[in-house]
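Analysis of the macromolecular model
The residues making up each chain are set out below.
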Amino acid sequence: MPYTVPKLTDFSVAALDNAVRELLSAIQKEKEVLVSEASEPSVASSTKTTGLKVFRDRWLARKNGIVTQITEFWLKVAPPDAKREVGQRVNAVKAEVERYVAETQQRVEFFARQSAAALESVSRVDTDLQALRREATRSELERGRLDITLPGIRRPIGAEHPVIKTMNEIVGVFRNLGYSVEEGPEIETDYYNFEALNFPPNHPARDTQDTLFIAGQESKELRDRLLLRTHTSPVQIRTMQKMKPPVRVVCPGKVHRNDALDATHSPIFHQVEGLAVDTNITFCDLKGTLDHAMKALFGSSVKTRFYPSFFPFTEPSADVQISCIFCDGKGKRDGAACRNCKASGWIELLGCGMVDPNVYGFVDYDATKVSGFAFGMGVERIAILKYGVDDIQLFFQGDVRFLEQFG
Ligand code: DAH
């Protein structure tokens, strides 16, 4: 409710003081509201000055302003013996109101000037900018430099990374055979990376994979200690824990080894693992599957050879070799010894074997009822052969000139 001047009937000192207090507190509040509205930069300066005028007229207008009204309603109607007290107060109120109005005016005008200046400088910058643009376009046109028929700015789209591209291709070959895809963590426990794959603690087979261990794990039991997985084979275990046979999965992923960098070694690389477990799976199935996969990846004229090997989690185990794709398996190219296969005519490509019955013991599969095979291949190695890359480091250096060739 906005303040209105009460008509006084009680002219005691207390009643007078009370009326004065209410009036002054009303003007104080109105002043605060007005100043706070005026301080908003987004409010136009004209709105601010209009508000100020309404405020001044409400309190000080000769005709019917609040100060005029108190002379009317308080002083004129006061009984003769109260006139002195009332008169003093009316004069004091008048002076106070004038002071409030003057202060308010000062503050509001200050804010109004600020808004006006801001507006002016914005429009000045805008005009300057337009003038500059006109000037630039005119002089470009005059000098014949602006060729509006030129094509726009091309945004280059990336190319699939050759390692990912090769990995997808390998996975694609097995998906076409009905395999599904499984993934596992890159930070593994000793149990999944080694123990459940039939690498017992301290067994020398562990030395074939230079392992990067996570520090500060000594207080844990060996099987729970963390490391960076050295191969994708732990996903075999995780998969068999999750599902019952028949199982046919491929597991692509990143692996780590504490190997020094050179043209064929990198501490980070990628593998695709495979696992098939069912009733009556034989070594013959393994040979047929991998022979098909190598032909799908390197061309139908490629031959495969299975060479006895050892892995703790397969028995028997083999290394798969393909006939050299550079010399067609002849061992000789242009009359000289083929360097890619060291004149042997064969290139070693992946490891495989029949799943060792001990492994089934770790995942609660019945080794007397099921059999299966597994294999694991290095993605970079396959990419190097497919694309004729001579240094594995090129895959990880991020040089666009190299990478864009695979787009
Ligand atoms: N995990 C082996 C490695 O990284 C590769 C491998 C060999 C995987 C034989 C297999 C396998 O599944 O059966 O050296």
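Please refer to the structure higher up on the page.
None of the values given here were measured: they were computed from a predicted structure.

1. Things to note about the pattern of salt bridges
This model, assessed by the stated rule, comprises 18 salt bridges. One salt bridge in this structure joins aspartate 224 and arginine 223, with 3.9 Å as the shortest N-O distance. Using a relative accessible area of 38% as the deciding quantity, one classes arginine 223 as partly exposed. Bridged by salt links that share partners, the residues Lys31, Glu96, Arg99 and Glu103 form one connected network.

2. With respect to the side chain of glutamine 209
Looking at where glutamine 209 falls in the secondary structure, it is placed in the loop between helix H6 (190-193) and strand S3 (226-228). Discounting chain neighbours no more than four positions away, the residues touching glutamine 209 are Asn193, Phe194, Phe199, Thr230, His231 and Arg257.

3. Considerations on the site of the ligand
Around the ligand, the surrounding shell holds 16 residues, and the nearest of these are His231, Ser233, Arg257, Gln271 and Glu273. Between the ligand and the protein, one listed contact pairs an oxygen atom with a side-chain N or O atom of arginine 257 at 2.9 Å. Within the backbone of alanine 374, one N or O atom sits 3.1 Å away from an oxygen atom of the ligand. Coverage of the ligand by the protein amounts to 92% of the 360 Å² it exposes when considered alone. Broken down by secondary-structure element, the contributors of at least two residues to the shell around the ligand are strand S5 (268-278), strand S10 (346-355) and strand S11 (371-378).

4. A short note on the sheet that holds strand S4 (residues 247-256)
Sheet strands pair via backbone hydrogen bonds, and the direction of the pair is either parallel or antiparallel. Taken in spatial order, the 7 strands of this open sheet run S1-S4-S5-S11-S10-S7-S6, and their pairing is mixed. What marks the edges here is a single partner per strand, and that holds for strand S1 (180-181) and strand S6 (304-311). For S10 and S11, the ladder comprises 5 bridges, and the chain directions are antiparallel. Within S11, the residue paired with glycine 351 across the bridge is glycine 376. On top of the sheet, helix H7 (residues 234-242) reaches S4, S5 and S11; it is set at about 40 degrees to S5, its chief contact. On top of the sheet, helix H8 (residues 283-298) reaches S6, strand S7 (314-323), S10 and S11; it is set at about 145 degrees to S10, its chief contact.

5. Brief notes about the nonpolar core
Across soluble globular proteins, you tend to see nonpolar side chains buried next to one another. Core analysis: the largest hydrophobic core is formed by 45 residues, its most contacted members being Phe174, Leu290, Met294, Phe298, Phe375 and Met377. Other than its neighbours up to four places away in sequence, phenylalanine 174 contacts Tyr179, Val250, Thr289, Leu290, Ala293, Phe375 and Met377.

6. As for the side chain of glutamate 188
Position of glutamate 188 relative to the elements: it lies in strand S2 (residues 187-189). Residues contacting glutamate 188, with those up to four places away along its chain left out, are Asn193, Arg225, Leu226, Leu227, Arg229, Pro234 and Arg238.

7. Some points on the environment of serine 301
Mapped onto the elements, serine 301 comes out in the loop between H8 and S6. Along the chain, serine 301 and isoleucine 325 lie 24 residues apart, while their C-alpha atoms are 9.1 Å from each other.

8. Regarding the packing of helix H5 (residues 162-175) against H8
One can describe the packing of H5 onto H8 by two numbers: an axis separation of 10 Å at closest approach and a directional angle of 135 degrees. As judged from the angle between their axes, H5 and H8 are oblique. The way H5 lies across H8 gives a crossing that is right-handed. Residue-level contacts link Glu169, Ile170, Val173 and Phe174 of H5 to Thr289, Leu290, His292, Ala293, Ala296 and Leu297 of H8. Broken down by class, the residue content of the contact of H5 with H8 amounts to 7 nonpolar, 2 polar and 1 charged.

9. Considering the packing of aromatic side chains
All chains considered together, the criterion is met by 15 aromatic pairs. Ring geometry for phenylalanine 199 versus phenylalanine 313: centroids 6.0 Å apart, planes at 35 degrees, classification tilted. Of this pair, phenylalanine 199 sits in the loop between H6 and S3 while phenylalanine 313 sits in the loop between S6 and S7; the two residues are 114 residues apart in sequence, bridging distant segments of the chain. One exposure class covers both phenylalanine 199 and phenylalanine 313, and it is buried. With centroids separated by 6.1 Å and ring planes inclined at 70 degrees, the aromatic side chains of phenylalanine 283 and phenylalanine 306 adopt a geometry described as edge-to-face. Here the residue phenylalanine 283 occupies a position in helix H8, and phenylalanine 306 occupies one in strand S6, the gap between them amounting to 23 residues. Its relative accessible area of 26% is what places phenylalanine 283 among the partly exposed residues. Taken together, the ring pairs in this structure connect Phe174, Tyr179, Phe373 and Phe375 into an aromatic cluster. One Lys or Arg, lysine 7, reaches over the ring of phenylalanine 73 and ends 4.9 Å from the middle of that ring.

10. Digging into the pairing of S10
For S10, the tally of buried residues reaches 8 of 10 residues, placing the bulk of the element in the interior. Across 8 bridges, the pairing between S7 and S10 is antiparallel. By the bridge assignment for S10, isoleucine 322 is matched with isoleucine 347.

11. Side note on a nonpolar patch on the surface
The grouping of Leu141, Leu146 and Ile148 at the surface amounts to a nonpolar patch, some 330 Å² of accessible area in total. Relative to the helices and strands, isoleucine 148 is located in the loop between helix H4 (83-142) and H5.

12. Looking at the pairing of S4
Along S4, 8 of the 10 residues are buried, which leaves the element largely enclosed by surrounding structure. The pairing of S1 with S4 spans 2 bridges and is classified as parallel. Pairing of valine 181 across the sheet is with valine 250, part of S4.

Parameters at a glance
- Residues numbered from 1 in each chain as written.
- Predicted model: local features only at pLDDT ≥ 70, side-chain atom pairs only at ≥ 80, totals over all residues.
- Heavy atoms only, no water.
- Salt bridge = Lys/Arg side-chain N within 4 Å of Asp/Glu carboxyl O.
- Buried < 20%, exposed > 50% of the residue type's maximum accessible area, 1.4 Å probe, protein only.
- Helix = DSSP H or I, 4+ residues; strand = E, 2+ residues; numbered from the N terminus.
- Contact = heavy atoms within 4.5 Å.
- Near = heavy atom within 4 Å.
- Polar contact = N/O pair within 3.5 Å; in protein donor to acceptor, adjacent residues only side chain to side chain.
- Areas by Shrake-Rupley, 256 points an atom, 1.4 Å probe, with all protein chains shown as cover.
- Pairing = 2+ DSSP bridges.
- Axes fitted to C-alpha atoms, helices over the stretch in contact; angles between N-to-C directions.
- Core = buried A, V, L, I, M, F, W, Y, C linked by side-chain atoms within 4.5 Å.
- Parallel < 35°, antiparallel > 145°, perpendicular 65-115°, else oblique.
- Left-handed = near helix turned anticlockwise from the far one by under 90°.
- Nonpolar A, V, L, I, M, F, W, Y, C, P; charged D, E, K, R; others polar.
- Phe/Tyr/Trp six-rings, centres within 6.5 Å; stacked < 30°, edge-to-face > 60°.
- Lys NZ or Arg CZ within 6 Å of the ring centre and 35° of its normal.
- Patch = residues over 30% accessible without salt bridge, like charges linked within 9 Å, V, L, I, M, F, W, Y side chains within 5 Å.

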